[in-house]
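# Topology and contacts: notes
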Amino acid sequence: MKKQIVVLMTDTTRKDMVGCYGNEKMKTPNLDRLAQEGIRYENAYTCQPVCGPARGAIFTGAFPHTNGVVTNSIGMGDNIKTIGQRLHDNKIECGYIGKWHLDGSDYFGNGVCPDGWNPKYWYDMRTYLSELSDEDKLRSRDSQTSYTEGFSEEFTYAHRCSDRAIAYLNEFKDQDFFLTVSYDEPHHLFVRLHLIICMMASVLKVHLAFRTICQRNQCCSNSGQERIYMHQNQR
């Protein structure tokens, strides 16, 4: 059986922002489907309700006062290893696609792939911004300009992360891997609602691609044993 794990993360997603937790006003059919087909937890705890420290604990297994990320824009200690480094040391392929926020740089990151992760698929927010024109960089972060014509789902960070994640799954479908897909969306309503809905569809697209690979490798069964773990990162 292949050891294949995909961690899907969204940013600033509160419990009542998805329908599967009882808010009928929130129409999130794709996320609800993930919850129905997997395990839905009722309680979640964070070591610190700030982005960087919470992420640091997740990916190092150490508290902020140990790994050094005690607040945002502070990097980890040089002696701290992430799960990507530890798995890579044990010959397991590791990919990280999406928001990182652990390099000590600003919110968007520095565009440099950390040790342990596959640089071909590294795609932090700085990498995304480097693909955009100066005009589009401003449009991507402004809730007013995001309503203009030509702002498609393909333009968004989430859509591009999903496409890259699917490419990763296809490339490494026959070997052990650990992939993290860390969406920045819906972090504040910088983009219009229908694009956030498209982001949720992108999450499902990655999940379906992964499930297809699992079924091909016979690591998932049809008896309800497939389990999808969703981490809701609150800031």
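In this convention, every chain numbers its residues from 1, walking through the sequence in written order. pLDDT decides what is reported in this predicted model: residues at 70 or higher carry local features, side-chain atom pairs at 80 or more are listed and counted, and totals for whole chains, interfaces and linings draw on all residues regardless. Remark: hydrogens and water are excluded; side-chain values derive from all non-hydrogen atoms of the structure.

### A short note on the overall build of the protein chain
Within the protein chain, the regular secondary structure consists of 8 helices and 4 strands. Helix and strand definitions here come from DSSP, where helices need a minimum of 4 consecutive H or I residues and strands a minimum of 2 consecutive E residues; each element is numbered from the N-terminal end. Ordering the α and β elements of the protein chain from the N terminus gives β-α-α-α-α-β-α-α-α-β-α-β. Looking at the 235 residues of the protein chain, the share that counts as buried comes to 47%. Taking all contacts inside the protein chain whose residues are at least 6 apart in sequence as the whole, residues at least 24 apart take part in 67%. Of the roughly 12,100 Å² of accessible surface on the protein chain, 51% is carried by carbon and sulfur atoms. To sort residues, take the accessible area from a 1.4 Å probe on protein chains only and compare it with the maximum for the residue type: under 20% means buried, over 50% means exposed, and anything in between is partly exposed. For this analysis, residues touch if any pair of their heavy atoms sits within 4.5 Å. Here, Shrake-Rupley sampling with a 1.4 Å probe gives the accessible areas, and only protein chains in the shown set may cover a residue.

### Regarding the nonpolar core
Here, the term nonpolar core denotes a set of buried Ala, Val, Leu, Ile, Met, Phe, Trp, Tyr and Cys residues that are joined through side-chain atoms within 4.5 Å. Val6, Ile97, Tyr128, Tyr168, Phe177, Leu179 and Val181 are the most contacted members of the largest nonpolar core, which totals 28 residues. For this core, the secondary structure elements donating two or more residues are β1 (4-11), α1 (29-37), α5 (125-130), α7 (157-171) and β3 (177-182). With 6 residues, the single largest contributor to this core is α7. In contact with Tyr128, not counting residues within four places along its chain, are Tyr123, Ser140, Phe155, Thr156, Tyr157 and Arg160. Residues Met9, Val69, Ile80 and Phe178 belong to the second largest nonpolar core, which totals 13 residues.

### A short note on unusual backbone geometry
Not every positive phi belongs to a glycine, and Lys91 is a case in point at roughly 70 degrees. Structurally, the position occupied by Lys91 is in the loop between α4 (83-89) and β2 (93-98). Its identity as a non-glycine residue notwithstanding, His101 has a phi of 65 degrees, on the positive side. Counting through the fold element by element, His101 comes out in the loop between β2 and α5. Taking relative accessible area as the criterion, His101 reaches 5% and is therefore assigned buried.

### Concerning the environment of Tyr21
Topologically, Tyr21 is positioned in the loop between β1 and α1. Remark: the alpha-carbon pair of Tyr21 and Arg40, spanning 19 residues in sequence, is separated by 8.8 Å.

### Here we look at the packing of aromatic side chains
Side-chain rings of Phe, Tyr and Trp (the six-membered ring for Trp) are treated as a pair once their centres are within 6.5 Å; stacked means planes under 30 degrees apart, edge-to-face means over 60, and tilted covers the remaining angles. This model, assessed by the stated rule, comprises 16 aromatic pairs. Relative to Phe178, the ring of Trp117 has its centre 6.3 Å away and its plane inclined at 40 degrees; by these criteria the two rings are tilted. A residue pair is termed long-range when its members are at least 10 positions apart, and Trp117 in the loop between β2 and α5 and Phe178 in strand β3 qualify at 61 residues. With respect to burial, Trp117 and Phe178 carry one shared label: buried.

### A short note on the environment of Pro119
Take Pro119: it is sitting in the loop between β2 and α5. The exposed category is assigned to Pro119, whose relative accessible area is 61%.

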